Amino acid sequence: MEYHVASLEFLLLWILVLTGELRGATEVLKCYDCSDTFRARWDPYTDCQLNVSAVPVATCLESDQYCKVERVSVKGTGATISISRSCAGDCYYGCLLYGYGVSQMRCTTCCNHTLCNTDSGAAGAVLLRGWGCSALGRRGLLISVLLGVMVMLWTRA
C-alpha cells in the first residue's frame with residue numbers, strides 16, 4: 001500500500017511539473033515585451049521582429065502563466081501588419097482568419113518559461129477555423145489523463 005501511495009504522490013508531482021503549475025516560490029515568469037504596428041510601411045528590421053534580446057523584459061503578474069507572441073498578417077501575401085510579445089493569463093495557440101475584404105490572419109504562439117517568446121509568432125502555428133485550442137485546454141486534458149491513471153493505480157492498491 002505504501003508503494004502505491006508513494007507512486008501516486010510522484011505522479012501528482014509530475015503532473016504539476018509538466019503543466020507548469022509547479023514553480024519555485026521565488027521564480028516569477030518574465031517575458032519579452034514589445035509591439036510594432038505597420039500602418040503605412042512594413043519595416044522588417046525592428047527589434048521586436050529580429051533582435052528580441054534588445055527589447056524590454058517584463059516581469060509578469062502572478063496570474064500570467066504564459067509568454068505570448070502574436071503576429072497579424074495579410075492572408076495570401078504574408079505581409080506583417082503587427083507583432084507583439086507579452087505576458088498573458090490565457091493564450092490560444094494557432095492562427096485565426098478574420099476581417100472583411102482583405103482577410104487577415106492572427107497567429108499566436110504560447111510558452112510557459114522565462115524569456116521563451118522569441119519565435120516569429122507563426123512558426124508551427126496551425127490554422128484554426130473559428131475555434132481556439134487553448135493552452136489551458138491542453139493542460140486540462142493532460143491533467144485529466146494523468147488523474148485517470150492515478151485513480152487506476154489507487155483502485156489496484
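Each remark here, short or long, concerns the structure printed above.
Parameters and conventions
- Residues numbered from 1 in each chain as written.
- Predicted model: local features only at pLDDT ≥ 70, side-chain atom pairs only at ≥ 80, totals over all residues.
- Heavy atoms only, no water.
- Helix = DSSP H or I, 4+ residues; strand = E, 2+ residues; numbered from the N terminus.
- Contact = heavy atoms within 4.5 Å.
- Areas by Shrake-Rupley, 256 points an atom, 1.4 Å probe, with all protein chains shown as cover.
- Core = buried A, V, L, I, M, F, W, Y, C linked by side-chain atoms within 4.5 Å.
- Buried < 20%, exposed > 50% of the residue type's maximum accessible area, 1.4 Å probe, protein only.
- Disulfide = S-S within 2.5 Å.

1. Quick look at the overall build of the protein chain
When you go through the protein chain residue by residue, the secondary structure sums to three helices and eight strands. Restricting to contacts in the protein chain with at least 6 residues of sequence separation, those with at least 24 account for 67%. Total accessible area on the protein chain stands at roughly 9,900 Å², and carbon and sulfur atoms take up 59% of it.

2. Some remarks on the nonpolar core
Core analysis: the largest hydrophobic core is formed by eight residues, namely Leu29, Cys31, Ala58, Cys60, Cys67, Cys87, Cys111 and Cys116. Residue contacts for Cys111: discarding those within four places in its chain leaves Gln65, Tyr66, Cys67, Cys116 and Asn117.

3. Considering unusual backbone geometry
Unlike most non-glycine residues, Leu115 shows phi in positive territory, near 55°. The topology assignment puts Leu115 in the loop between strand S7 (104–111) and strand S8 (133–134).

4. Overview of the state of the cysteines
Counted according to the given criterion, the structure contains six disulfides. Two residues, Cys31 and Cys67, share a disulfide whose sulfurs are 1.9 Å apart. When the S-S torsion is -85°, as for the bridge of Cys31 with Cys67, the disulfide is left-handed. Within this pair, whereas Cys31 is found in strand S1 (residues 30–32), its partner Cys67 is found in strand S4 (residues 66–74), the two being separated by 36 residues in sequence. Take Cys31: its relative accessible area is 0%, and that puts it in the buried class.

Geometric values such as these leave the question of function open.
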